Amino acid sequence: EAVGVELYGVQQNLGKLQQQLDRTVEDQASTARARSDAENDLRQLQEWLESRSMDAKSQRRDHDSHQKELDDLNATLRQVEAYNEQMKGE
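Residues numbered from 1 in each chain as written. Predicted model: local features only at pLDDT ≥ 70, side-chain atom pairs only at ≥ 80, totals over all residues. Heavy atoms only, no water.

Caption draft 1: Local environment of the overall build of the protein chain. Along its length, the protein chain carries one helix and zero strands. Taken over C-alpha atoms, the radius of gyration comes to 38 Å for the protein chain, far larger than the 12 Å a tight globule of 90 residues would show. Considering only C-alpha atoms, the protein chain reaches an extent of 130 × 15 × 10 Å along its principal axes. The buried share among the 90 residues of the protein chain stands at 0%. One way to put it: in the protein chain the 12 positive side-chain charges average out to a point 1 Å from where the 19 negative ones average out. (Helix = DSSP H or I, 4+ residues; strand = E, 2+ residues; numbered from the N terminus. Rg over C-alpha atoms; globule rule 2.2 N^0.38 Å. Buried < 20%, exposed > 50% of the residue type's maximum accessible area, 1.4 Å probe, protein only. Lys, Arg positive; Asp, Glu negative; His and termini not counted. Charge placed at Lys NZ, Arg CZ, Asp CG, Glu CD.)

Next up, the structure:
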């Protein structure tokens, strides 16, 4: 009878451990899914950031080119104005 009682207690403990194991396995699977989703989101964000970075570099190059063109035009305008002032003086 004592062995039967002990066996019953061990079986109860085993049942609890099995339930705990099942919950742990479910939690691990849920965590793995969440991690996979987060890694996919990260990958998409990195691709988006790389695309925006390339766009920004292109716009910066365009801006620099336009700024140089504007600076050259301003220099030409100053030369023309100086020439006009010189011609007025003569």
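From this point, the discussion proceeds with the structure in view.
Caption draft 2: Expanded view of the environment of Leu-7. In this structure, Leu-7 sits in helix α1 (residues 2-89). Residue Leu-7 is classed as partly exposed on the basis of its relative accessible area of 48%. Along the backbone, Leu-7 and Gln-19 are twelve residues apart, and their C-alpha atoms lie at a distance of 18 Å.

Caption draft 3: Examining the pattern of salt bridges more closely. Following the criterion strictly, the structure yields four salt bridges and no others. Ionic pairing is found between Arg-52 and Asp-55, a salt bridge with its closest N-O pair at 3.1 Å. With Arg-52 and Asp-55 both in helix α1, this residue pair falls three residues apart, about one helical turn. Taking the relative accessible area as the measure of exposure, Asp-55 reaches 37% and is therefore partly exposed. (Salt bridge = Lys/Arg side-chain N within 4 Å of Asp/Glu carboxyl O.)

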